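Analysis of the macromolecular model
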Amino acid sequence: MHVGKKMQKREKSAMSVSLYGNLVFVVIELMMALVTDSQAVLLDAVYDGVEFCMLLPSIFLIPLLYKPSNEEHPFGYMQIETIFVVVKGITMTAVTFGLIFNNINLMLHGGHIVSFHTVAGFELFACILGIIVTVYLYYKNKQMESPLINMEMQGWRIDSFISLGMTIAFLLPMLIPFDWFQHIVPYLDQLITIVLSLVMIPTPIHTVITGIRDLMLIPPEEETIDDIKETIEPIIGVYGHKNLYYDIVRTGRKLWISVYISFEKDIVSLSKFKQLQDQCIKALASKYSDFYFELLPDIEFTGIEDIE
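Residues numbered from 1 in each chain as written. Predicted model: local features only at pLDDT ≥ 70, side-chain atom pairs only at ≥ 80, totals over all residues. Heavy atoms only, no water.

**Let's talk about a negative patch on the surface**
What counts is decided by this rule: Two distance rules govern patches: like charges are joined within 9 Å, and nonpolar side chains (Val, Leu, Ile, Met, Phe, Trp, Tyr) within 5 Å, applied only to residues with over 30% relative accessible area and no salt bridge. For the area figures, the Shrake-Rupley method with a 1.4 Å probe applies, and any residue is considered shielded solely by the protein chains shown. A pairing counts as a salt bridge when a side-chain nitrogen of Lys or Arg comes within 4 Å of a carboxyl oxygen of Asp or Glu. Only four residue types enter the tally: Lys and Arg on the positive side, Asp and Glu on the negative side; His and the chain ends are excluded. By convention, the charge on Lys lies at NZ, on Arg at CZ, on Asp at CG and on Glu at CD. Starting at the N terminus, helices and strands are each numbered in turn, a helix being any DSSP run of H or I of at least four residues and a strand any DSSP run of E of at least two.
A cluster of acidic side chains, namely Glu 222, Glu 223, Asp 226, Glu 230 and Glu 233, defines a negative patch on the protein surface. Here Glu 233 lies in helix α10 (residues 222–237).

Rendered as structure tokens:
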């Protein structure tokens, strides 16, 4: 219980830093978008604004994730986290598509010129600040491996990369002082925004797909299943058990792993089962921070033909 409260406090602390960082970014980006009239900066502002609105309730969601499972909630409260992540992914996808269509419309109407050097300086500042927050979240999350923090860290990492790209892109009018390039300048801001949107959009789409799989209790991606099998089978295989059946689902940050062993004889050693289970749990713990594992006999295939 003490460890759970400590981890909960650490996670909440890390998420709070991300929350306040987002708030600062949103305010500054909105001011810069108004001053420079840049669609690319507006993209950042809207994206971070949605991040902030979705991040705020997640701070209050954290205590639920540490509550144990019970009869009413056999998988605990982890599905709440998954629902939250899916809603966030859908929102981010919709916002990104909206900005793409808006910028296409601007290009069709002749585009517009912005203060490129001002935007470039701001984006360089945003890149440095994003790197600082990403590094902080990385070190905070090393012992927790929280999906919420992972998602925030991924968002900050993408923001830093995008800000660096935008810094370079908005310096192009000064770096390429040729007449032919001047015809492109009115459309440069919109082109950058559309390219950035296309780069960013796979992340929320992947988040939605993964979240829906988890909500429907569909087994996780093939890579995760293969990794679990490669971890468990060498341990159980030493004892000659090769006919295994797996039942693996994921709810939020937690993996639920059940492995069934079929026997040719009606003999089950409980001490041997306990030993095998402990070895499997130890091996899995080196790769996964939050999981439930059980090793069970597959009674259907025990070789018993009649029970009198």
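Picking up after the structure, the text goes on.
**So, the pattern of salt bridges**
One side chain can pair with another of opposite charge once the charged atoms of both are near each other. Selection criterion: Summary of the burial criterion: residues with accessible area below 20% of their type's maximum are buried, those above 50% are exposed, and those between are partly exposed, where the area comes from a 1.4 Å probe applied to protein chains only.
Tallied over the entire structure, the rule returns three salt bridges. The partner of Asp 227 in a salt bridge is Lys 287, with the nearest N and O atoms 3.1 Å apart. Within this pair, whereas Asp 227 is found in helix α10, its partner Lys 287 is found in the loop between α11 (270–285) and β3 (291–297), the two being separated by 60 residues in sequence. Residue Asp 278 is joined to Lys 274 by a salt bridge in which the shortest nitrogen-to-oxygen separation is 2.8 Å. Residue Asp 278 and its partner Lys 274 are located together in helix α11, separated by four residues, close to a single helical turn. Accessibility expressed as a relative area gives 36% for Asp 278, which makes it partly exposed. Assessed through its relative accessible area of 48%, Lys 274 is described here as partly exposed.

**Overview of the side chain of Ser 163**
As a reminder of what qualifies: By definition, residues are in contact when any of their heavy atoms lie within 4.5 Å.
Along the chain, Ser 163 turns up in helix α5 (residues 147–170). The class of Ser 163 is buried, set by a relative accessible area of 2%. For Ser 163, the contacting residues outside a window of four places in its chain are Asp 44, Glu 123, Ala 126 and Cys 127.

**Notes on the side chain of Ser 160**
Here is the rule we go by: Under this definition, polar contacts are N or O atom pairs within 3.5 Å; protein pairs additionally need one hydrogen-donor-capable and one acceptor-capable atom, and for neighbouring residues in sequence, both atoms have to be side-chain atoms.
Note on placement: Ser 160 falls in helix α5. With a relative accessible area of 7%, Ser 160 lands in the buried category. Within polar-contact distance, the side chain of Ser 160 engages the backbone nitrogen of Ile 131 at 3.1 Å. Leave out the neighbours within four places in its chain, and Ser 160 touches Cys 127, Gly 130, Ile 131 and Thr 134.

**What to know about the packing of α10 against α11**
Heads up, the rule is: Axis angles are defined between N-to-C directions and span 0 to 180 degrees, where every axis is a line fitted to C-alpha atoms and, for a helix, only to the segment in contact. In this scheme the crossing of two helices becomes right-handed for a clockwise turn of the near helix relative to the far one and left-handed for an anticlockwise turn of less than a right angle. As a working rule, the residues Ala, Val, Leu, Ile, Met, Phe, Trp, Tyr, Cys and Pro are called nonpolar, Asp, Glu, Lys and Arg charged, and the rest polar, with Gly in that last group.
Packing of α10 against α11 leaves a shortest axis separation of 10 Å and a crossing angle of 145°. When the axes of α10 and α11 are compared, the crossing they make is right-handed. Residues Ile 228, Thr 231, Ile 232, Ile 235 and Ile 236 of α10 form the contact with α11, whose own contacting residues are Leu 276, Gln 279, Cys 280, Ala 283 and Leu 284. When grouped by side-chain class, the residues that make up the contact of α10 with α11 number eight nonpolar, two polar and no charged.

**Focus on the environment of Leu 295**
Within the element layout of this structure, Leu 295 appears in strand β3. The spatial distance from the C-alpha of Leu 295 to the C-alpha of Val 259 is 5.0 Å, given a sequence separation of 36 residues. Among residues more than four places away in sequence, those in contact with Leu 295 are Ile 236, Val 259, Ile 261, Phe 273, Leu 276 and Gln 277.

**Quick notes on helix α8 (residues 185–200)**
Rules: Helix span is expected to be 1.5 Å times the residue number reduced by one.
Here α8 spans 23 Å end to end across 16 residues, near enough to the 22 Å set by a 1.5 Å rise per residue. Those residues of α8 that sit buried are Val 185, Pro 186, Leu 188, Asp 189, Gln 190, Ile 192, Thr 193, Ile 194, Leu 196, Ser 197 and Met 200.

**Details of the packing of α8 against helix α9 (residues 202–215)**
Put simply, the rule reads: Any angle from 65 to 115 degrees is called roughly perpendicular, while one under 35 is roughly parallel, one over 145 is roughly antiparallel, and all others are oblique.
The interhelical angle for the contact between α8 and α9, taken along N-to-C directions, is 25°, at an axis separation of 5 Å. By the angle between their axes, α8 is roughly parallel relative to α9. Contacts from Leu 198, Val 199 and Met 200 of α8 reach α9 at Pro 202, Thr 203 and Pro 204. Split by residue class, the contact of α8 with α9 holds five nonpolar, one polar and no charged.

**Let's talk about the packing of aromatic side chains**
The condition is simple: Each Phe, Tyr or Trp ring (for Trp, its six-membered ring) is paired with any other whose centre lies within 6.5 Å, and the angle between the two planes then decides the class: stacked below 30 degrees, edge-to-face above 60, tilted in between.
In this structure the tally under the stated criterion is six aromatic pairs. Geometrically, the ring pair formed by Tyr 138 and Tyr 139 is edge-to-face, given 5.3 Å between the ring centres and 80° between the ring planes. Ring centres of Tyr 245 and Tyr 260 lie 5.7 Å apart, and the angle between their planes is 45°; on these two criteria the pair is classed as tilted. Here Tyr 245, found in strand β1 (residues 244–251), pairs with Tyr 260, found in strand β2 (residues 254–261); they are 15 residues apart in sequence, far enough to count as distant.

**Focus: the sheet that holds β1**
Inclusion rule: Here, strands pair whenever DSSP counts at least two bridges between them.
Judged by pairing direction, the sheet is mixed, and its three strands sit side by side in the order β1-β2-β3 without closing on themselves. With one partner strand each, in any of the chains shown, β1 and β3 form the two edges of the open sheet. When strand polarity is set aside, the average angle formed by the axes of neighbouring strands in this sheet is 10°. Strand direction decides the pairing type here: β2 and β3, joined by seven bridges, are parallel.

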